[in-house]
Amino acid sequence: MTIPDSSFMMDNGASCLPHPPEEENRIVTDLMNKSESNLKEGNLYYVISNRWFTSWQRYVGQGNGECSTDKKFSDSQQSNVVPSKRADRPGPIDNSDIVLDNNDCGSNELEVRRGLHEGVNYVLVPQEAWEKLSDWYKGGPALPRKLILQGVKQHQFHVEVYPLCLNLVDSRDNSESVIRLSKKASIRELYETVCAPRGIEYGKARIWDYFNKRKHTALNISSQTLEESNLQINQHIFLEVQADGHYSSQFGMDSTGNELALVPLEPSRSSLTIAGGPTMSNGHSTGYSFNLNRGSALATGCSDIDDRYDSYNSVKKGDRGGLAGLQNLGNTCFMNSAIQCLVHTPPLFEYFLQDYFEEINTENPLGMNGELAIAFGELLRKLWSSGRTTIAPRAFKGKLARFAPQFSGYNQHDSQELLAFLLDGLHEDLNRVKQKPYIETKDSDGRADEEVANECWNYHKARNDSVIVDVCQGQYKSTLVCPVCGKISITFDPFMYLSLPMPSTVTRTMTVTMFYGDGSGLPMPYTVTVPKHGCCKDLSQALGTACCLRGDESLLLAEVREHAIHRYFENPLESLVSIKDDEHVVAYRSKKVTGRIKLEIIHRVQEKQEKFTSENLKGGGRKHFGTPLVTYLGEDALNEADISIAVSRMLSPLRRRYSSLTHKAHNSKENGFVSETTNEPLGSYNSQSGPGDQSINNTELEETSSRDMSLQLSLTNGIGLSCKPIDKDSLVKSSQLVKAFLDWSDKEHELYDSSYLKDLPEVHKTVFTVKKTWQEAVSLFSCLEAFLTEEPLGPDDMWYCPRCKEHRQATKKLDLWMLPDILVVHLKRFSYSRYLKNKLDTYVNFPIRNLDLSKYVKSKDGKSHVYELYAISNHYGGLGGGHYTAHAKLVDENRWYHFDDGHVAPVDENEIKTSAAYLLFYQRVKTGPGAEEGETSRANMDF
């Protein structure tokens, strides 16, 4: 046993081995990486407060201590972080901000507060890393959690931060207690946990699923997991104990002999009610009936008895339905919203209300053995047959967790992500193609679009044929153009929904200050709108239009940092994403030139002596100020006098109309920028010549001045060392860049107004603005047009050009070729990056009727391209703490309803259009004989 050196004591009083911060960082990083490479079920992780962990990160030098949600650490990631000032060593580990004060779970394990998020409120570290941190810092409390494996076909490791809490009701005295187990624990383990502390023999105990305080089914001792039994967090379970050979409980009986709870409990209702109004009992009338074989394995295996509803009873004509709510099972409003929109999709509820079992594909390796389709079909039938009864979709959620573990647990998720998975999963479960043929796609090779589109669609249908494809899938035309060789590639791809960007996610405003490279005018800031993911070429074109750039002129973009040129944007394809909002960008306007020497004029001013530092002493106590000026020297520019003339020309717009020196200088012979007494260039300045090509080894020319303002040119390296005098009357011919350091004295400040060189505006100044008004609303068509606009591919989406045989950043253009009967429009309100998550509450003005997309569809298929809205998935609030609801229309009633989890209420049509609209569901309006409405022009559209 190793005894820590008692003479070494940390500030927090804990004794441990004296590791420096860098060593602590290395040890923990290695242990975390080792754990990530050896994941297996049952591994222990520990929950640590993010507040404490970020203070430790600052101490060991991990950037600014901002927690990254990435679980895996790497040396390369850390090397890219510029460390801030070393923070003090943190005190003992403190998890008090993430632990519940009262632990009522009857367990030694403490409970973590609900609603917390990894990377925001807490971090997870493997057991080995926790043991090191705990040894070094002590504190706590320890919050161990196990790694579990979820999913059937998509296996996913997950640290179970929130194990399953069940409320146990003891029938002997009606007392309640909390049982806390992993969702992967078996029913057998549940019996052990319940019976052992109470001294009850397993054979004399019976535990019931007591969801909503209503007896559903007895939980027989088996290896079945709690998750597979559809037990939900915080639900009740009921314990009966055998006495004298009988189970006694505080229950009565109904007329059929079934036990009833003495106190019925109304299903929970969401606390957020958007649309009020009285509860209505009328529903949608259906004329469909079906007859299923109750003995089939598929049907029996998926029966859901959550609400004591027999899913195999026929839906008879005249039965009312479509107005049932869905109980929130714990942050499942995202699922409820998407489901309500789907079950109110006319072609889908018509399909699932009939006998669809013959189309279930149990052999598809991409499907879910038909289980997802059956679970959805049963849920849909309940919603259309239960009148006003609220349904608890426990069985459906259980299937969802099995096949899509990312939706397991009780965190909030995205309704669009669920919809995408559900539509794809239903398609694969109902795919009529049992054996998918291999088909090699062909290039368009200049063939007619109609021919290529039909060929691609037939290939797609040969492998994918289901009711989802029939009604929900359309076809894009995608055009890629190589920027080097001009190769054009055209493909036709299927789509399930349109994900339309919001205008603020498509474009950005950028403010750039333009300087004249010939000294012909004062600097002027311009604010332009450019594609958010565009390139520098887009910015140059927008600036050129704004400043009326002539055909023989060009713009040179640059970033200014600390009063010097930090970088030039000379690659027209460089992404604008690299330019941040808080940076300062300038554009130098000049005649188009090639092969001429670029001159940078950097301004300096004498520092006061008490402010001298080691940095500015190298420059003789001078500091940079203002914005550098850039121009091009003439082809015959060979010496310092030519530079003096160029500097004088660039400063001429800044010359004051009158100063105390102007009349004295009137009779002086000026050649550019000169002194009234010496005929020498006014003010001392240094010029450095350095190549644009790195192969020249950053050679620069530095000019120093004497008191009499004579100039001396010296050849120096990039950091100002190893100087040697050279002839001041010549320049290095191979140089592509000359830097002239212009020292300003009081005389220059009186002659020239330097304020024009100061206070560059930021690229984008973030200000708090009020919400957009109705009049400032964004049209749905503007979102669609932004989606269809040609744009370059991102750096991570490079296209392999078959002609160049290389990956190229091609331009991409999407067109709508064929539209489906059901058109789902996704408004991309959420934006995610590594360090930022944002939601846009922009009001989008979308039509309820007569959405005419004819002008956007390229094919001539003779179908109507006019659509009518029938459902909306809404998202209220911000990220992480928002709430989903749905609006859906009962077509036969021609009436809209608001679905807020279990609460359903009618709503006026003029109230359904809000800034919360997230998913829009449209149905094609049929035209021709028998159609109630014909096509309508866009001018007559309903907004």
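What you see is a predicted model; the values in this text were computed from it and never measured.

Cut-offs and rules
- Residues numbered from 1 in each chain as written.
- Predicted model: local features only at pLDDT ≥ 70, side-chain atom pairs only at ≥ 80, totals over all residues.
- Heavy atoms only, no water.
- Pairing = 2+ DSSP bridges.
- Helix = DSSP H or I, 4+ residues; strand = E, 2+ residues; numbered from the N terminus.
- Contact = heavy atoms within 4.5 Å.
- Axes fitted to C-alpha atoms, helices over the stretch in contact; angles between N-to-C directions.
- Parallel < 35°, antiparallel > 145°, perpendicular 65-115°, else oblique.
- Left-handed = near helix turned anticlockwise from the far one by under 90°.
- Nonpolar A, V, L, I, M, F, W, Y, C, P; charged D, E, K, R; others polar.
- Phe/Tyr/Trp six-rings, centres within 6.5 Å; stacked < 30°, edge-to-face > 60°.
- Buried < 20%, exposed > 50% of the residue type's maximum accessible area, 1.4 Å probe, protein only.
- Lys NZ or Arg CZ within 6 Å of the ring centre and 35° of its normal.
- pLDDT = per-residue confidence, 0-100.

Peer 1: Would you take a moment to explain the sheet that holds strand E17 (residues 474-481) for this structure?
Peer 2: Two pairing modes exist for strands in a sheet, parallel and antiparallel, and in both the strands are linked by backbone hydrogen bonds. Overall, antiparallel pairing links the four strands, which are arranged E18-E17-E37-E34 in an open sheet. Two strands close off the open sheet at either side, each with one partner strand: strand E18 (488-495) and strand E34 (791-792). Against the sheet, helix H12 (residues 449-463) touches E17, E18 and strand E37 (811-818), its axis set at about 45° to E18.

Peer 1: Just to check I follow, could you spell out the packing of helix H7 (residues 333-343) against helix H11 (residues 415-429) for this structure?
Peer 2: When two helices pack together, their arrangement is given by the angle between the helix axes and by the axis-to-axis distance. Taken N-terminus to C-terminus, the directions of H7 and H11 make an angle of 50°; their axes are 9 Å apart at the nearest point. On the basis of the axis angle, H7 is oblique to H11. Seen from above, H7 lies across H11 with right-handed handedness. In this structure, H7 uses Phe-334, Met-335, Ala-338 and Leu-342 to contact H11, whose residues at the interface are Ser-415, Leu-418, Leu-419, Leu-422 and Leu-423. Class assignment of the residues belonging to the contact of H7 with H11 gives a composition of eight nonpolar, one polar and no charged.

Peer 1: For this particular structure, what's the right way to read the environment of Gly-446?
Peer 2: Here Gly-446 is to be found in the loop between H11 and H12. Spatially, the C-alpha atoms of Gly-446 and Ser-489 are 9.3 Å apart, while their sequence positions differ by 43 residues.

Peer 1: Honestly, the packing of aromatic side chains in this entry has me stumped. Any pointers?
Peer 2: Here the distance between the centres and the angle between the planes together describe a pair of aromatic rings. Overall, the coordinates contain 21 aromatic pairs when judged by the stated rule. Where Phe-352 meets Phe-376, the ring centres are 5.2 Å apart and the plane angle is 75°; that geometry is what we call edge-to-face. Note that Phe-352 is positioned in helix H8 (residues 346-352) and Phe-376 in helix H9 (residues 371-383), a separation of 24 residues in sequence. Residues Phe-352 and Phe-376 agree in their burial class; the two are buried. Taken together, a centroid distance of 5.1 Å and an interplanar angle of 40° make the contact between Tyr-356 and Phe-357 tilted. Pairwise contacts between aromatic rings join Tyr-351, Phe-352, Tyr-356, Phe-357, Phe-376 and Phe-396 into one cluster. The ring centre of Trp-208 lies 3.9 Å from the NZ or CZ of Lys-215, which sits over that ring.

Peer 1: Looking at this structure, I do not really get the confidence of the model for the protein chain. What am I missing?
Peer 2: Segments scoring low in pLDDT should not have their predicted coordinates read at a detailed level. When pLDDT is averaged across the protein chain, the result is 75; 72% of the residues are at 70 or more. Of the regions scoring below 50 in pLDDT, residues 252-319 engages in 147 contacts with residues more than four places distant in sequence or in other chains. Note on residues 768-776: pLDDT under 50 across the span, and five contacts to partners over four residues away in sequence or across chains.

Peer 1: Would you take a moment to explain unusual backbone geometry for this structure?
Peer 2: In terms of backbone geometry, most residues other than glycine have negative phi values and most peptide bonds are trans. Geometrically, the link from Gly-140 to Pro-141 is a cis peptide bond, its omega value of 0° lying close to zero. Counting through the fold element by element, Pro-141 comes out in the loop between strand E4 (139-140) and strand E5 (144-150). The backbone phi angle of Asn-230 is positive, close to 65°, even though this residue is not glycine. Secondary-structure assignment places Asn-230 in the loop between strand E10 (218-219) and strand E11 (236-243). Backbone geometry places Asn-894, a non-glycine residue, at a positive phi of 55°.

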